[in-house]
Amino acid sequence: MDVSLNFAAVPHILKSNWRCPSNIALVKYWGKKESGTQLPANPSISLTLSDLYTETTITVNHGNVSGEPAFTFLLEGQSKLAFEPKIYSFFKKIWNDFQVIRECHLVIDSKNNFPHGTGIASSASGFGALALALCDLEQAHTGKMMDDFFNKASEVARLGSGSACRSIYAGVTSWGKCESIENSSDFYATPFQSKIDAPLNDLMDAVLIVDDSEKSVSSTEGHSLLINNPYSAARYATAAKNHSRIIDSLEKGNVRSFIQIVESEALQLHAMMMASSPYYILMRPNTLAIIEKIWAFREKEGLPVMFTLDAGANVHLLYPAEYNEVVVNFIENALLDYCKSGQYLCSFTGKGPEKIQ
Ligand code: PMV
């Protein structure tokens, strides 16, 4: 039997596999400009969480002549129909820019390294990884290199989920037009270039899982409720001020003002939810119990530990990596009772996305 391969008969398979981390905002994006697509009402700034990520492989399967986006979406190897409408509408938004979407059927295989049902949003890492793999495939499919690959990936990721545009870069990343950051834009994120001194240059995030159920109000609905919120104009102005103040704190190594801005931003995010119509509360009693424990620990130990919150009940405990041991002890001894099934996840903030060969 002739076992030699007939290469001419093997179709040319294009495939791209990217890992993209999640991020946690220090100054929050909460509210969109009323014109344009997914443009932020204020600039935001975040830390990229290297150890909490999504890995996405896209395989170009065969031709697509339907005139519509054609794809299969798998999560952890299982078909996930519930995610398809969001991906379909994302593909429609980028249709004109991506020949590979117009001409091919795509198989998207995605997995998160953090467990399901922990309340950790995977939309930033998910759309980040999807955008990176799509940009990569577009280059391979057309044979044309993009002028600035990461900039394009950030712009594309933004159209899937606003905060995803910040996940394209490592470390501290800003998104939104502002005076303090050169080349800043509402369309894509920019890595923070200034030197950051210790202890703010190497922060870790311990995500304390308070509630793992589905959020009662999604981020999409939450953003839209800002339109009629009587406090939104004041919030946008305060957030813009906090964005420029936090940059100043990072550049000057001013830990005290950094902590004050980070915690105030978290509480303002939730205050906006409470002031929306209809009003809602995503914090749980254990969210507040943990915040009070963190304040008491900071007071007692004199360590620069602080909390922030996402749009959910979980608490993000931020601290310089040099205090990892003492903070993990504090979590194990004082906070586990407030965490759902004693769950928490620690992440460094150094590394950004990676192409997996
Ligand atoms: O990217 P979205 O639409 O899921 O909005 C994210 C909003 C917050 O996570 C609450 C804040 C932020 O800046 O990431």
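Every value quoted in this text rests on a predicted model; they were computed, and no experiment measured them. (Residues numbered from 1 in each chain as written. Predicted model: local features only at pLDDT ≥ 70, side-chain atom pairs only at ≥ 80, totals over all residues. Heavy atoms only, no water.)

*Asks:* Sorry if this is basic, but what is going on with the side chain of Ser 125 here?
*Replies:* Of note, Ser 125 is situated in helix α3 (residues 123–142). For Ser 125, a relative accessible area of 0% gives the class buried. Of note is the side chain of Ser 125, whose polar atom sits 2.7 Å from the side chain of Thr 54. With residues up to four places along the chain from it excluded, the contact list for Ser 125 reads Cys 20, Pro 21, Ser 22, Tyr 53, Thr 54, Phe 114 and Ser 167. (Helix = DSSP H or I, 4+ residues; strand = E, 2+ residues; numbered from the N terminus. Buried < 20%, exposed > 50% of the residue type's maximum accessible area, 1.4 Å probe, protein only. Polar contact = N/O pair within 3.5 Å; in protein donor to acceptor, adjacent residues only side chain to side chain. Contact = heavy atoms within 4.5 Å.)

*Asks:* How should I be thinking about the site of the ligand in this particular structure?
*Replies:* In the vicinity of the ligand lie 14 residues, with Tyr 29, Ser 163, Arg 166, His 223 and Asp 310 positioned nearest. A distance of 3.0 Å is found between an oxygen atom of the ligand and a side-chain nitrogen or oxygen belonging to Ser 161. Contact between the ligand and Arg 166: an oxygen atom at 2.7 Å from a side-chain N or O atom of the residue. Within the complex, 91% of the 380 Å² of free accessible area of the ligand lies under protein. Each residue belonging to the shell around the ligand can be placed in one class, and the counts come to 5 nonpolar, 6 polar and 3 charged. (Near = heavy atom within 4 Å. Areas by Shrake-Rupley, 256 points an atom, 1.4 Å probe, with all protein chains shown as cover. Nonpolar A, V, L, I, M, F, W, Y, C, P; charged D, E, K, R; others polar.)

*Asks:* Just checking my understanding: could you explain unusual backbone geometry for this structure?
*Replies:* Excluding glycine, a negative phi dihedral is what most residues carry, and trans is how most peptide bonds are arranged. Residue Pro 199 is bonded to the preceding Ala 198 through a cis peptide linkage, with omega at 5°. Among the structural elements, Pro 199 can be located in the loop between β7 (189–191) and β8 (203–208). Pro 278 follows Ser 277 through a cis peptide bond whose omega is 0°. Examined against the element boundaries, Pro 278 turns out to sit in the loop between α7 (255–274) and α8 (285–301).

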